[in-house]
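Given next are the chains, with one letter for each unit.
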Amino acid sequence: MIYFIGNEQFDGVKTIKLNEIYFCDFSVDLERFDCLIISSKNALKSLMKSKSKIDFNIKVYAVGAKSANFAKECGFKNVKYPSKAYGKNLAYEFLAEFESQKCIYLRAKKINSGLNEYLLEEGIDLKQIIAYENIILSPKKDEIKIHHPSVFVFSAPSSVEQFLKFYSLKKEDKVVVIGESTASKLKDFANLYICKEQDLNSCIKLAKSLDF
């Protein structure tokens, strides 16, 4: 059996929903900034729902190809992303560009990448707005019965934390994670597989190849 801890649905996979996204109420004038930094599509979804003054010509720095493509779908014309879809890679690769710009970072309430701390330590002119929040949901255990051994797929560090509050992994289980930040939450687990591509569909494909 394959379990995905998140909100998306996949064929042949049981989804365990342990969180929902809450979009915060905020307003920002993007014309006051030189660039917009995002580490998730949820930041853009929240922006588009807000009463903000949106400048689609602003430079957008996205954490990865998925969020970059979503930014383009929203109408942003100047979008960049790093070679690897990690917050710190975004900071490292574009640091020289950030140094000369006034930056706005739309972020989650809780973040694990350290992107903001690194940029502030480097003296970047950075304003942060909490654009969304992951709200923990309690599972209905009578509806979701976990079977072992199984393959578990996690797409964010927060999904690991939330899962372990309600369930446990057995040593015979296998775990697929989307990247190194998520893997760090399970560093002592033996059967851990980090997907080479930071992409959910790739994670599910890997999980299916590992299924019992």
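Residues numbered from 1 in each chain as written. Predicted model: local features only at pLDDT ≥ 70, side-chain atom pairs only at ≥ 80, totals over all residues. Heavy atoms only, no water.

Participant: Before we go on, may I ask you to explain the overall build of the protein chain in this structure?
Facilitator: Regarding its fold elements, the protein chain presents eight helices and eleven strands. Taking 2.2 N^0.38 as the reference for a compact globule, 212 residues should give roughly 17 Å; the C-alpha atoms of the protein chain span a radius of gyration of 18 Å, in line with that estimate. With the principal axes as the frame, the protein chain shows a C-alpha extent of 55 × 30 × 30 Å. Partitioning the intrachain contacts of the protein chain with sequence separation of at least 6 by distance along the chain shows that 57% fall at a separation of at least 24. For the protein chain, the exposed area adds up to about 11100 Å²; of that, 46% sits on carbon and sulfur atoms. (Helix = DSSP H or I, 4+ residues; strand = E, 2+ residues; numbered from the N terminus. Rg over C-alpha atoms; globule rule 2.2 N^0.38 Å. Contact = heavy atoms within 4.5 Å. Areas by Shrake-Rupley, 256 points an atom, 1.4 Å probe, with all protein chains shown as cover.)

Participant: I keep staring at the domain arrangement of the protein chain and nothing clicks. Help me out?
Facilitator: For the protein chain, the assigned domains are domain 1 (2-18 + 138-209) and domain 2 (21-133). Centre-to-centre separation of domain 1 and domain 2, based on C-alpha positions: 27 Å. Our enumeration of links across domain 1 and domain 2 arrives at two salt bridges. Seen at the junction of domain 1 and domain 2, the total is two residue pairs in polar contact (both at pLDDT 80 or more). Those elements giving two or more residues to the side of domain 1 that touches domain 2 turn out to be α6 (157-166) and α7 (180-183). (Domains from an automatic or database assignment. Salt bridge = Lys/Arg side-chain N within 4 Å of Asp/Glu carboxyl O. Polar contact = N/O pair within 3.5 Å; in protein donor to acceptor, adjacent residues only side chain to side chain.)

Participant: Sorry, what's going on with helix α1 (residues 41-49) here?
Facilitator: Residues of α1 that are buried include every one of Asn-42, Ala-43, Leu-44, Ser-46 and Leu-47, and no others. Considering only its buried residues, α1 is in contact with β3 (19-23), β4 (35-38), α2 (65-74), β7 (102-108) and β8 (125-136). Where α1 begins, the side chain of Ser-40 points an oxygen toward the backbone nitrogen of Asn-42, at a separation of 3.0 Å. (Buried < 20%, exposed > 50% of the residue type's maximum accessible area, 1.4 Å probe, protein only.)

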